[in-house]
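Observations on the three-dimensional arrangement
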Amino acid sequence: MSFLIFIVLIATAIYFINQYLFSYWSRQGIPFKKPVFLLGELSAILSRNVPSLGEFFENFYKNYKQSRILGIYFSYRPTLMVCDPILIQEIMIKDFGSFHDRGIPADEEIDPLSAHLFSLSGQRWRDLRVKLSPTFTSGKLKGMYPTIFNCAQTMQKYLEKEMKNGTDNFDTHDLLARFTTSIISSVAFGIENDCINDRENIFRKMGLKIFDNDYKLMIKNILATFLPKLTTKLRMKRVVQEVEDFFLSVVRQTIEHRDSNESYQRKDFMQLLIQLKNQGFISVDKDENDEDEVNFDDFKSLDTKKLTFNQVAAQTFLFFVAGFETSSSTSNLCLFELSRNPKIQQKVQEEIDQVMKDADSTDITYDMLQKLKYLEMCIDETLRKFPIVPLLVRECTKNHTFSGTEFTIEKGTQIFIPCQGLHRDPDFYANPMEFDPERFRDSPNGSKNTRGLFYLPFGDGPRNCIGLRMGKLQTKIGLATILSKFSCKLVDESLMHKEFEADPSQFIIKPKVPIVIKFMNRK
Ligand code: HEM
């Protein structure tokens, strides 16, 4: 009998604790979605009962956008979904000082490669961001262009060879991922890599391991995103040991090689990171006209603390991870839409032909790429329909009351911004599932609406994507190289009129089943 009373008491206590923890949003006076016992929204995600992460949050956006903000729970962790473009602007730009972090765990002791720009917080993030900003100016990218162009030439020759041998169907995601892996590994590690011809290349293998849809890795990523404090408490390692060993060893060998050859000069990320390790800042080359792009006043107040070896390795690892899959997915989905829309594809090709004719050049130079405005509009429209990173994350770093509202949120609150929902909202984009590059002809956000932020493929504000220019550059050169020589058609014609299914195990937008495209030689 006493055991039964004990059980009843425990059950009652659990019930009331659960009720209390799940009353957080009602106590804050913020509209909320009723949570599922114990797990909240995690129950759907962990049971893989969701189409894809992007669509999961897009559905939230559609159902709750009228309330402007929505309180949800991941287990007992309250998270605020912000759907209103004006409030999003407040978070990302206007009151950035209260939202500068992502709240993602970075513990160098457990994961030596985790202390990178994406996950660092506060002053450590700011100092590093200012130090790394000169890495991505157009002057620096121009310096890296010969390496990038070489990779494009290798891809072109590879395709010509394959076509001659009778292969004309390509899994373009894999092809373009091998292309961007070649670029990133060359410019980030200074190692000339040919992942295009060599499918077994170690960098490609590591890339596949990082984006593997292994269940264990997926759970770790889910926990780190939705319950970051738990991940830290459990001292959970997120980078697979084999990947960590590989990156630490490659970075060590590269640094040793360059340190022992002082005359060695290469215009790549690694060289810039080595400057940060040896002198604490990046030197501005006199011949580079970068001053208009980086605010060098920031450097006056900046400590010149040198980067440690692990910090160099972590940034290199991040450039690799953030750099290849995002750009190859963008290029792949752009090629997919161009294959579905032959007239738009033809217009892109005519533009490329014209620019090459005007320059009287068969090679696509850096300056010629800047003239491919219509191709750029197609890339912008691809990223509207398919924001490769469909959800942005911030953490509130100071108690904050949103302007013109009664809504106050506490320091430590996790914030989600559902880009995919915003990008497909008919209030901003008529017929949102239609691929229409013309939206971007005279509008940087593809819409007539100018209130607040709702076009966010690279995020926005001081914590936006630092590699934006690099991402666009490799996407553009890859597509221009292919489309100058070949026309593209979908092998599975049923995809002409239906949307592909996104892979539910990935945080980024990626088709569940590879898209196969038939290449045809242009006259
Ligand atoms: C088409 C390609 C790319 C897309 C769509 C993309 C998208 C994004 C997005 C959405 C974010 C988060 C921004 C925010 O929270 O406001 C981000 C952050 C970041 N991206 Fe990219 N990215 C691309 C290419 C690249 C490349 C090529 C690199 C580096 C080589 C890179 C490095 C980074 C880094 C380091 C951050 C973290 C910045 C910080 O926290 O200060 N990205 N990217």
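Below is a summary of the structure that appears in this document. Model, not experiment: these values are computed from the prediction.

Procedures and definitions
Residues numbered from 1 in each chain as written. Predicted model: local features only at pLDDT ≥ 70, side-chain atom pairs only at ≥ 80, totals over all residues. Heavy atoms only, no water. Pairing = 2+ DSSP bridges. Helix = DSSP H or I, 4+ residues; strand = E, 2+ residues; numbered from the N terminus. Axes fitted to C-alpha atoms, helices over the stretch in contact; angles between N-to-C directions. Contact = heavy atoms within 4.5 Å. Expected span 1.5 Å × (residues − 1). Buried < 20%, exposed > 50% of the residue type's maximum accessible area, 1.4 Å probe, protein only. Phe/Tyr/Trp six-rings, centres within 6.5 Å; stacked < 30°, edge-to-face > 60°. Lys NZ or Arg CZ within 6 Å of the ring centre and 35° of its normal. Donors = N, O, S within 2.8 Å, 3.2 Å for Na, K, Ca; no water. 1 Å grid on protein atoms, 1.4 Å probe; cavity = no way out; pocket = protein on both sides within 12 Å on 5 of 7 lines; lining within 4 Å. Points joined across faces, edges and corners; volume = space filled by probe spheres on them. Nonpolar A, V, L, I, M, F, W, Y, C, P; charged D, E, K, R; others polar. Parallel < 35°, antiparallel > 145°, perpendicular 65-115°, else oblique. Left-handed = near helix turned anticlockwise from the far one by under 90°. Lys, Arg positive; Asp, Glu negative; His and termini not counted. Salt bridge = Lys/Arg side-chain N within 4 Å of Asp/Glu carboxyl O. Polar contact = N/O pair within 3.5 Å; in protein donor to acceptor, adjacent residues only side chain to side chain.

A few points about the sheet that holds strand 3 (residues 169–171)
Neighbouring strands of a sheet are bound in pairs by backbone hydrogen bonds; such pairs are parallel or else antiparallel. Here 3 strands make up an open sheet; going across it, the order is 3-9-8 and the pairing antiparallel. Lying at the two open borders of the sheet, with one neighbouring strand each, are strand 3 and strand 8 (486–490). Pairwise comparison of adjacent strand axes, ignoring direction, gives a mean angle of 40 degrees for this sheet. Across 3 bridges, strand 3 lies against strand 9 (residues 516–521) in antiparallel orientation. What sits directly across from Asn 169, in strand 9, is Lys 518. Here helix 19 (residues 468–485) sits on the sheet in contact with strand 8 and strand 9, set at roughly 95 degrees to strand 8.

Digging into helix 19
For helix 19, built from 18 residues, the straight-helix expectation of 26 Å at 1.5 Å per residue is met to within 8% by its first-to-last C-alpha distance of 26 Å. With 15 of its 18 residues buried, helix 19 lies for the most part within the structure.

Some remarks on the packing of aromatic side chains
Counted according to the given criterion, the structure contains 38 aromatic pairs. Where Tyr 15 meets Phe 16, the ring centres are 5.2 Å apart and the plane angle is 80 degrees; that geometry is what we call edge-to-face. When its relative accessible area of 45% is taken as the criterion, Tyr 15 is described as partly exposed. Residue placement shows Arg 27 over the ring face of Tyr 20; its charged tip is 4.0 Å from the ring centre. Over the ring of Tyr 429 we find Arg 384; its NZ or CZ atom is 5.1 Å from the centre of that ring.

Overview of the environment of Arg 394
Residue placement: Arg 394 occurs in strand 4 (residues 392–395). Considered as a pair, Arg 394 and Ile 104 are 290 residues apart in the sequence and their alpha carbons are 9.1 Å apart. Arg 394 has contacts with Ile 91, Met 92, Phe 99, Asp 101, Arg 102, Thr 413, Gln 414, Ile 415, Asp 460 and Arg 463, leaving out every residue within four places of it along the chain.

Brief notes about the coordination of the iron atom of the ligand
Four donors placed tetrahedrally around a metal ideally meet at 109.5 degrees, and six donors placed octahedrally ideally meet at 90 or 180 degrees. Protein coordination of the iron atom of the ligand rests on one atom only, Cys 465 (SG), at 2.3 Å. If you trace the backbone, Cys 465 turns up in the loop between helix 18 (419–423) and helix 19.

Considerations on empty space enclosed by the protein
Unoccupied space between atoms shows up once a probe the size of one water molecule is rolled over them. Inspection of every chain in the model, using the stated rule, returns 2 cavities of 30 Å³ or more. In this structure, the second largest cavity spans a volume of roughly 90 Å³. As for the second largest cavity, its lining consists of Ile 45, Arg 48, Val 50, Leu 53, Met 218, Ile 222, Pro 504, Ser 505, Gln 506 and Phe 507. Tallied by class, the residues present in the lining of the second largest cavity amount to 7 nonpolar, 2 polar and 1 charged.

Regarding the packing of helix 9 (residues 202–210) against helix 12 (residues 241–259)
For the pair helix 9 and helix 12, the least separation of the axes is 10 Å and the interaxial angle reads 140 degrees. As summarised for this structure, helix 9 and helix 12 are arranged oblique, according to the angle between their axes. Read as a crossing pair, helix 9 and helix 12 show a hand that is left-handed. Of helix 12, the residues touching helix 9 (which contributes Ile 202, Phe 203, Met 206, Lys 209 and Ile 210) are Glu 242, Val 243, Phe 246, Phe 247 and Val 250. Each residue belonging to the contact of helix 9 with helix 12 can be placed in one class, and the counts come to 8 nonpolar, no polar and 2 charged.

Let's talk about the pairing of strand 4
In strand 4, alternate side chains face the same way, and those of Leu 392 and Arg 394 on one face and Val 393 and Glu 395 on the other are all buried. Bridge analysis of strand 4 against strand 7 (residues 414–417) gives 4 bridges, and the strand direction is antiparallel. By the bridge assignment for strand 7, Glu 395 is matched with Gln 414.

Considering the side chain of Arg 102
Here Arg 102 lies in the loop between helix 5 (85–94) and helix 6 (122–132). No salt bridge is formed by the buried Arg 102; the nearest opposite charge belongs to Asp 101, separated by 8.5 Å. There is a polar contact of 2.9 Å between the side chain of Arg 102 and the backbone oxygen of Phe 118. Beyond its immediate sequence surroundings of up to four residues, Arg 102 is in contact with Leu 117, Phe 118, Val 393, Arg 394, Glu 395 and Arg 463.

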